[in-house]
Amino acid sequence: MTRYSAHGFDFTDEGFYLNWISTPFAWDWLVSYFGFVWHPLYTVFAGDVHLLRVANIGVTFGLAYWLALSLIALDPPTSATSRLRRHVIASASATVAFALFDGWLITPNYNTLAVQGLTLAAVALILIEKFEGLSRRCSNAYMLLGFAGALVFLAKPSSAAALAPTALTYLWLSGKWNSRGVLLSIAVASGILAIAPYLFGVSIIEFYAKISEGMRLATLLEGGHGLISALRIDHIALTSSQFLIAAAVITICSLAVFLQLAGSKLFSGLSLIICCVMSSICLLFAGGWLDASSFQGFHRRALMLAIPATSVVILLLGRLVRNINTSAVVSWSDLALLSFLPWVAAFGSNNNYWWSAGAASLFWVFAAIVLFQPLVNRDGGWNLVTPVILGAQIITAGLLNQTLSLPYRQPSISAGLAEEVVLAGKGGPLFLSPVSADYLQEAHDKAIRSGFLSGTPLIDLSGRSPGLLYHLGAASVAQPWFIGGYKGSHRLAVATLALESCDRVARSWVLLEPEGPRRIDFSVLTSVGVEFSDYSVVAAWQTQPYVGGYYRRYTQVLLKPHNHVGVENSCKLTRAEAGN
C-alpha cells in the first residue's frame, strides 16, 4: 500500500476531497464534516497529499488490528509464544481492511472515515460484551462507542442513523444492555457533537443548519441520495470467473483446515504446504506478477463473502464429521453485528449497495473469525484460522492488483507513473502519468500568465475538474465540486450559487468545457445576473486521456471577469427582482 501511496490522482473525487479538507470553512452547506476532521492533519502536514494518504492507510490498518485483537480470545495468553501468535494473526487479519481502497481513492474522504468510525464502534461493542456490569473498563468501552458514533456522524450522517439502532439491537441481543452505559454513550456522542461546532468555528445552530441545507440540496441533484432511495435492495452479479475464484478459495481453505484437524504429521504437513502456496499467490498478486483480470467487474468486492462462506462450510462439515457443537460457543450477536456493519457503511450511498458494502468487507472477514470459535476452543488454537485469513488476503491482493491496473478514472498505476507533480505547490510530489502531468502543467502555466492568483474564486462549469482547481490554488465557488453529469446538476448549481454573495460571484473566474461530457451550461450564471459578455477569454487548453474518466480530449476555456462592479449590481438587481 505504502509503495504506491504517492502514485496516481483522480481529478474528480480526490480533487473534491482535497478542496473539502483544505478549506472546510468555506461552504454554507455540507453533507459531511469529514473535511473538518482531517483539516488539522492537513495543516500539520503542510498540505502534503502523500502524507495524508499514508495517515489514512495507517489509521485504517491500526483500527482493524485493534478489532482483530478484540475478537481473538486467548484469555489470557499463556506464554510469550501465544502472545506473539495473537498479534501475528491480528496483523494478518487487519490487512484485509485494505479492500477499502479498491478503486485507489486513498486520499482521506467521508467513506473511509465512516468505515474507520464503524471499526471503532465494533471494537467498543465487542469490549462491552466481554466486560461484566458497568466496571471502569466497560464504562470506557461505552465512552468509546459514543466517540465512534459521533465520528461516524461527522463522516456520513446516514451511516450514523443506521449505526444507532444497530448498536442498540446488538446490546439487547448480547444480553449486555445497560441503561446507564447506553446513556453514557449518548452523553459522550452528544457532548462531542455539541463541542465540535465551536471547534469548527460555527454555532450549534449553524452546524446543524449546514447539514440540513446540504441534505435538501443533495436531493436536487437527483443522484439517488434521498431517504426513499436509501431504503432499497440492490442486485449482485459476479462473473463466472469470480464464482470460480470464490469456489476455489472455499475449497482450498476448507481442505487446509481439515488437514490440520486430522491430527497426523503428514496431513499437517500437507496443510502447511497449501498455506505456503496460498502465501505465494498472495505475494504474486501483491507484487503485480500475477494477472488479476479475473477480479475485474463492478461487484468484485463481494468476492470477500467467500470467506464467511468458507467458515460456514467448515463448521457444517465439522459438525457432521467431528460432532462440534457450534450453537454453544459462537457469539451470534457478534456474528450478526459484523455481518451487518458493511450495510451500515453503505446506507445512504447512491452506488450499488454491494459495491459500497464491499468497501467495508473487513467486517465479513471478522465474522468468519467469530465462526471459528468452536474449532479454536476444541482443537487447539488460532492456527486453524490461518488458511482462511490467507484466503482473505489473496482476495484483497487480487482486488488491489486489479485496481492498480485499472484505477478509478486514472491511467494504470502498475504500468508506471514517472512524472513528479507537487499538487498546489504543497508538500512532496505525487507520481502521475506524463499526460496528466502535462495537463496540469499547461493549465497552471496559462492560468498564471493570464493573471490568475492562488485564492482567486473560480466557478467550474466543466463539471469534472475539482482536482485542477485544487492544483491552481483556486477557491472553488458554491461547491467543493461543481458536479456535472447528473439530471439535477443544473438545479443544484443554481441553488448553490444563490447562497454566494454577489461580490464573490462578480470576482469569480469561470472554467468552461464547451463540449465536455459533464459540462454545466453557462445559463446557471444568468440566474445571478451574469452574462458571457462580462468575461474575457484569457486561456484555453486540452484535457488529456483518462482525466475525469474520459479518454477523449476536450477543450477547456478560462474566463476572466472584467466588469466587477456591473456584475455585482446586476446580481443584486436580479436577486431583488426574484425576491431573494
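Residues numbered from 1 in each chain as written. Predicted model: local features only at pLDDT ≥ 70, side-chain atom pairs only at ≥ 80, totals over all residues. Heavy atoms only, no water.

Novice: For this particular structure, what's the right way to read the packing of helix 11 (residues 240–261) against helix 18 (residues 386–405)?
Specialist: Axes are the key here: two packed helices are described by the angle between their axes and the distance separating the axes. Remark: helix 11 packs on helix 18, axes separated minimally by 9 Å, with the N-to-C direction vectors making an angle of 160°. Between helix 11 and helix 18, the angle is such that the two are roughly antiparallel. Judged by the twist between their axes, the crossing of helix 11 over helix 18 is right-handed. Each of Val249, Cys253, Ala256, Val257 and Gln260 in helix 11 lies in contact with helix 18, whose residues at this interface are Pro387, Val388, Gly391 and Ile395. Taken together, the residues of the contact of helix 11 with helix 18 break down into seven nonpolar, two polar and no charged. (Axes fitted to C-alpha atoms, helices over the stretch in contact; angles between N-to-C directions. Helix = DSSP H or I, 4+ residues; strand = E, 2+ residues; numbered from the N terminus. Parallel < 35°, antiparallel > 145°, perpendicular 65-115°, else oblique. Left-handed = near helix turned anticlockwise from the far one by under 90°. Contact = heavy atoms within 4.5 Å. Nonpolar A, V, L, I, M, F, W, Y, C, P; charged D, E, K, R; others polar.)

Novice: I would appreciate a short explanation of the sheet that holds strand 3 (residues 457–460) in the present structure.
Specialist: Picture the strands of a sheet paired through backbone hydrogen bonds; they go either parallel or antiparallel. Strand order across the open sheet formed by five strands is 4-3-5-7-6, with mixed pairing between neighbours. The sheet terminates laterally at strand 4 (475–476) and strand 6 (535–542), the two strands that pair on one side only. Sheet topology note: the strand 3/strand 5 (residues 509–512) ladder contains three bridges and is parallel. Bridging from a neighbouring strand, Ile459 pairs with Val510 of strand 5. Contacting strand 6 and strand 7 (555–561), helix 19 (residues 434–449) runs over the sheet at an angle of about 155° to strand 6. (Pairing = 2+ DSSP bridges.)

Novice: I would appreciate a short explanation of a nonpolar patch on the surface in the present structure.
Specialist: Taken together, the side chains of Leu266, Phe267, Leu270, Ile273 and Val277 present a nonpolar region at the surface, about 460 Å² in accessible area. Tracing the chain through its elements places Leu270 in helix 12 (residues 265–287). (Patch = residues over 30% accessible without salt bridge, like charges linked within 9 Å, V, L, I, M, F, W, Y side chains within 5 Å. Areas by Shrake-Rupley, 256 points an atom, 1.4 Å probe, with all protein chains shown as cover. Salt bridge = Lys/Arg side-chain N within 4 Å of Asp/Glu carboxyl O.)

Novice: Can you help me understand the pattern of salt bridges in this one?
Specialist: In the structure shown here, the tally under the stated rule is 10 salt bridges. The shortest N-O distance in the salt bridge between Lys446 and Glu442 comes to 3.0 Å. Of the two residues, Lys446 and Glu442 both sit in helix 19, four residues apart, roughly one turn of that helix. For Glu442, a relative accessible area of 27% puts it in the partly exposed group. A salt bridge links Arg507 to Asp503; the nearest nitrogen and oxygen atoms lie 3.0 Å apart. Of this pair, Arg507 and Asp503 both sit in helix 22 (residues 502–507), four residues apart, which is roughly one turn of the helix. In the salt-bridge network here, residues are joined through shared partners; they are Asp102, Arg300 and Arg301. (Buried < 20%, exposed > 50% of the residue type's maximum accessible area, 1.4 Å probe, protein only.)

Novice: Before we go on, may I ask you to explain unusual backbone geometry in this structure?
Specialist: Glycine aside, residues mostly have negative phi, and peptide bonds are mostly found in the trans state. If you check the backbone angles, Ala46 has positive phi at about 55° while not being a glycine. With respect to the secondary-structure elements, Ala46 resides in the loop between helix 2 (34–44) and helix 3 (49–71). Here the phi dihedral of Arg409 falls at roughly 55°; this positive angle occurs in a residue that is not glycine. A relative accessible area of 21% means that Arg409 is categorised as partly exposed.

Novice: Would you mind showing me how to read the state of the cysteines here?
Specialist: Per the counting criterion, the structure on display carries one disulfide. In this model Cys502 forms its disulfide with Cys571; the gap between the sulfur atoms is 2.2 Å. Note on the Cys502 and Cys571 pair: the S-S dihedral is about -70°, so by sign convention the disulfide is left-handed. A residue pair is termed long-range when its members are at least 10 positions apart, and Cys502 in helix 22 and Cys571 in helix 24 (residues 564–578) qualify at 69 residues. Comparing Cys502 with Cys571 shows no difference in burial state: the two are buried. Cys275 takes part in no disulfide bond, and the closest cysteine sulfur, belonging to Cys276, lies 7.1 Å away. The exposure class of Cys275 is buried, given its relative accessible area of 9%. (Disulfide = S-S within 2.5 Å.)

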